Amino acid sequence: DGTTDITRTVHWGVPTPLQKEAYTRVLMGNIDLSRLVFPPNTAGGTVESFARRALWDVGLNYGHGTGHGIGNFLSVHEWPVGFQSNNVPLTAGMFTSIEPGYYRDGEFGIRIEDVALVVEAQTEHQTGGKPFLTFEVVSLVPYDRNLIDLRLLSPEQVR
């Protein structure tokens, strides 16, 4: 029991090349942020650009936050966890959404949203005796394979 917030975009027809590229780049951003290893006491706003990089590489962007805290029997958008500049540093045990997107006015929109738990990362070294952190995605909802351009994904992203 509790609260969740997961979004998937699906296409019921034949996607255009731009729709496939945009979806794949949004997926790349979701994967890249989800796999990120970062120092303790890092604020979400510091790492948010990892979710936007694949879009930025080709001049695309989205106009919403990359994620928010997930409450337990509370508001699904629970502050102060998230990726905006006014959020608290991420610590182990926090739940957050990771939800990059892309929107073309009057044409289409894409959002891929997962729920992730902040956990201690398994790294070779530690700085100051404190473990680095990463995310463990806890939502298990498939992606629309028809919208993925595998040629854009790195081998690490495919894993």
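So, how was this worked out
Residues numbered from 1 in each chain as written. Predicted model: local features only at pLDDT ≥ 70, side-chain atom pairs only at ≥ 80, totals over all residues. Heavy atoms only, no water. Core = buried A, V, L, I, M, F, W, Y, C linked by side-chain atoms within 4.5 Å. Buried < 20%, exposed > 50% of the residue type's maximum accessible area, 1.4 Å probe, protein only. Helix = DSSP H or I, 4+ residues; strand = E, 2+ residues; numbered from the N terminus. Contact = heavy atoms within 4.5 Å. Salt bridge = Lys/Arg side-chain N within 4 Å of Asp/Glu carboxyl O. Polar contact = N/O pair within 3.5 Å; in protein donor to acceptor, adjacent residues only side chain to side chain.

Caption draft 1: Spatial organisation of the nonpolar core. Leu33, Phe38, Leu90 and Phe135 are the most contacted members of the largest nonpolar core, which has 31 residues in total. Within the residue set of this core, elements represented by two or more residues are helix H1 (17-35), helix H3 (49-56), strand E5 (108-111), strand E6 (114-120) and strand E7 (133-137). Among the elements that line this core, the one with the most residues is H1, at seven residues. Setting aside chain neighbours within four positions, we find leucine 33 in contact with Val47, Phe50, Ala51, Thr66, Phe83, Ile98 and Phe135.

Caption draft 2: A look at the pattern of salt bridges. Summed over all chains, the structure comprises five salt bridges. Note that glutamate 48 and arginine 52 form a salt bridge whose closest N and O atoms lie 3.0 Å from each other. The salt bridge partner of glutamate 99 is arginine 111, with a shortest N-O separation of 2.5 Å. Here arginine 111 lies in strand E5 and glutamate 99 lies in the loop between strand E3 (95-98) and strand E4 (101-104), a separation of 12 residues in the sequence. Owing to a relative accessible area of 4%, glutamate 99 belongs among the buried residues under this scheme. Given a relative accessible area of 23%, arginine 111 falls into the partly exposed group.

Caption draft 3: Summary view of the environment of threonine 134. Note that threonine 134 resides in strand E7. For the pair threonine 134 and glycine 69, spaced 65 residues apart in sequence, the C-alpha to C-alpha distance is 15 Å. When sequence neighbours within four positions are dropped, the list of residues in contact with threonine 134 reads Ser34, Arg35, Leu36, Val37, Phe38, Leu117, Val118, Val119, Glu120 and Ala121. A distance of 2.8 Å separates a polar atom in the side chain of threonine 134 from the backbone oxygen of leucine 36.

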